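Next come the chains, spelled out residue by residue.
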Amino acid sequence: MIFSSETHEMKRVNTLQDASRQRAEELLKTEMDFISNPFFQSPEAEHEILRETFSDELLEANDLMNVRSTQSLPSHLARLCKAGVLSAGEEYNLFRRMNYLKYRANSLRSQLDPDAPVEAAINTIDSYLHEAQNIRNYLLRCNMRLVVSIVKKCATPHVSFDELLSDGIWTLMRAVDKFDYSRGFRFSTYAYHAISNYIWRKIANRKKVNTRFIPATHSSTLEEAGEVRKPGMDEQIWQQLSGLVANVMNHLDRREQLIVQGRFALGEQQKVRTFQSLADELGISKERVRQLEQRAVAKLRLQAAETDLEMMCELVGY
């Protein structure tokens with residue numbers, strides 16, 4: 001009877017060890033992407049970041065407080081947008097906590113022995129990852145209204161609202177994972193550019209595809225053969241595009257603006273100017289003008305990559 005009890009206990013222990021090894025193997029295969037921060041290695045980090053509790057009850061309370069603000073939306077969109085808007089401080093703390101939890105989980109995982117894992121360590125890792133996932137889901141819900149507002153403005157007969165909404169949510173999920181809270185700007189700004197850029201590019205690509213397969217009548221083909229036409233541009237889009245161009249040019253100093261306008265016939269310039277003519281006006285060498293042009297163009301490319309300029313140009317067909 002004693003032998004039977006010992007055998008049963010050994011089987012139970014072996015089963016638990018096998019389960020722990022399996023959980024450890026799954027954790028070792030799991031990707032834990034997070035935005036690291038030097039403060040995470042500080043002895044004070046755990047107390048400062050994890051001192052406040054984060055629970056499902058808190059999320060539900062926040063959702064209930066925001067029910068009235070979604071009553072004007074259709075029911076299926078209201079469910080997506082029922083979470084409240086976060087303050088800058090709440091946003092900062094949540095992103096920091098989410099990434100710190102992943103950092104701690106990853107640190108503990110690196111110490112796991114897959115052949116003899118410690119169950120307490122596995123449970124702690126699971127707890128960290130579970131809370132980090134809850135925070136991620138909450139951040140997504142709090143910013144879902146931003147996705148809806150962008151998509152409502154961009155939907156066209158060729159790209160439906162539902163299609164753009166799906167793309168917008170996917171982009172928002174990537175933005176939450178890639179956002180570096182320590183840079184000091186709001187997540188809504190970062191997410192707005194990420195979602196808008198993706199959606200505008202998709203609309204522009206869809207427009208190109210549709211234009212490629214539009215059948216042309218014989219009369220319209222003859223008419224277009226003798227005339228090069230520019231696509232029409234909505235006044236609002238033109239104002240946005242003009243503002244973006246002006247904003248990009250404002251990042252250049254006076255000499256760089258003059259050189260770019262002269263070399264590319266922008267603004268009041270009617271013809272492309274030579275390096276020598278610009279050198280004579282500025283009182284510098286021709287080679288120096290060439291260097292300033294290269295520096296200015298590099299600045300413009302960098303600035304354009306951080307704005308919606310490229311996507312706007314594609315959208316309007318220029």
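For clarity, every value in this text was computed on a predicted model and none was experimentally measured.

Quick notes on the rules
Residues numbered from 1 in each chain as written. Predicted model: local features only at pLDDT ≥ 70, side-chain atom pairs only at ≥ 80, totals over all residues. Heavy atoms only, no water. Axes fitted to C-alpha atoms, helices over the stretch in contact; angles between N-to-C directions. Helix = DSSP H or I, 4+ residues; strand = E, 2+ residues; numbered from the N terminus. Parallel < 35°, antiparallel > 145°, perpendicular 65-115°, else oblique. Left-handed = near helix turned anticlockwise from the far one by under 90°. Contact = heavy atoms within 4.5 Å. Phe/Tyr/Trp six-rings, centres within 6.5 Å; stacked < 30°, edge-to-face > 60°. Buried < 20%, exposed > 50% of the residue type's maximum accessible area, 1.4 Å probe, protein only. Lys NZ or Arg CZ within 6 Å of the ring centre and 35° of its normal. Salt bridge = Lys/Arg side-chain N within 4 Å of Asp/Glu carboxyl O. pLDDT = per-residue confidence, 0-100. Lys, Arg positive; Asp, Glu negative; His and termini not counted. Polar contact = N/O pair within 3.5 Å; in protein donor to acceptor, adjacent residues only side chain to side chain.

Engineer: Whenever I open this one, the packing of helix α12 (residues 254–263) against helix α13 (residues 275–282) confuses me. Can you help?
Structural biologist: Any two packed helices are characterised by how steeply their axes cross, that is the angle between the axes, and by the distance between the axes. At their nearest, the axes of α12 and α13 sit 10 Å apart, and the two run at 150° to each other. With respect to α13, the axis of α12 lies roughly antiparallel. α13 is crossed by α12, and the crossing has right-handed handedness. In contact with Arg 255, Leu 258, Ile 259 and Arg 263 of α12, α13 contributes Phe 275, Leu 278, Glu 281 and Leu 282.

Engineer: So what exactly am I meant to see when it comes to the packing of aromatic side chains here?
Structural biologist: Here the distance between the centres and the angle between the planes together describe a pair of aromatic rings. According to the stated counting rule, one finds 12 aromatic pairs in the structure shown. Taking 5.1 Å as the distance between ring centres and 85° as the angle between the ring planes, the aromatic pair formed by Tyr 92 and Tyr 181 counts as edge-to-face. Taken together, the residues Tyr 92 in helix α5 (residues 88–109) and Tyr 181 in the loop between α8 (161–178) and α9 (187–212) connect sequence positions 89 residues apart. On the accessibility criterion, Tyr 181 (4% relative accessible area) is buried. Plain terms: the ring middles of Phe 179 and Phe 187 are 5.2 Å apart, the flat faces sit at 75° to each other, and that makes the pair edge-to-face. One aromatic cluster is present, formed by Phe 95, Phe 179, Phe 185, Phe 187 and Tyr 190 through successive ring pairs. Taking the ring centre of Phe 275 as reference, the NZ or CZ of Arg 263 above it sits at 3.9 Å. When the ring centre of Phe 275 is taken as origin, the NZ or CZ atom of Arg 290, which lies over that ring, is 4.6 Å away.

Engineer: Looking at this structure, I do not really get the environment of Gln 111. What am I missing?
Structural biologist: By the element assignment, Gln 111 lies in the loop between α5 and α6 (119–142). Between the C-alpha atom of Gln 111 and that of Ala 121, which follows or precedes it by 10 residues, the distance is 9.1 Å.

Engineer: What am I meant to see in the pattern of salt bridges here?
Structural biologist: Pairing is possible between side chains of opposite charge, provided their charged atoms come close. This structure, assessed with the given rule, holds 15 salt bridges. A salt bridge links Arg 273 to Glu 281; the shortest N-O distance between them is 2.8 Å. Exposure remark for Glu 281: the relative accessible area of 47% places this residue in the partly exposed category. Among the charged side chains, a salt-bridge network with shared partners connects Glu 163, Asp 167, Lys 202 and Arg 206.

Engineer: Which parts of the structure should I look at to understand the confidence of the model for the protein?
Structural biologist: Detailed conclusions should not be drawn from predicted coordinates in areas where pLDDT is low. Considering every residue of the protein, the mean pLDDT works out to 77; 69% of them sit at 70 or more. Within the protein, no element has a lower average pLDDT than helix α10 (residues 218–225), which sits at 42, and none a higher one than α5, at 93. A low-confidence stretch, residues 64–71 stays under pLDDT 50, and its non-local contacts, those more than four residues away or across chains, total 10 contacts. Predicted confidence for residues 216–233 stays below pLDDT 50, and this span has 10 contacts to residues more than four positions away or in other chains.

Engineer: Just checking my understanding: could you explain the side chain of Arg 109 for this structure?
Structural biologist: Structurally, the position occupied by Arg 109 is in helix α5. Salt bridges are absent for the buried Arg 109, whose nearest opposite-charge side chain, Asp 33, sits at 7.9 Å. In this structure the side chain of Arg 109 is engaged in a polar contact, spanning 2.9 Å, whose partner is the side chain of Asn 106. Non-local contacts of Arg 109, meaning those with residues more than four positions away in its chain, are made with Leu 27, Leu 28, Thr 30, Met 32 and Ile 125.

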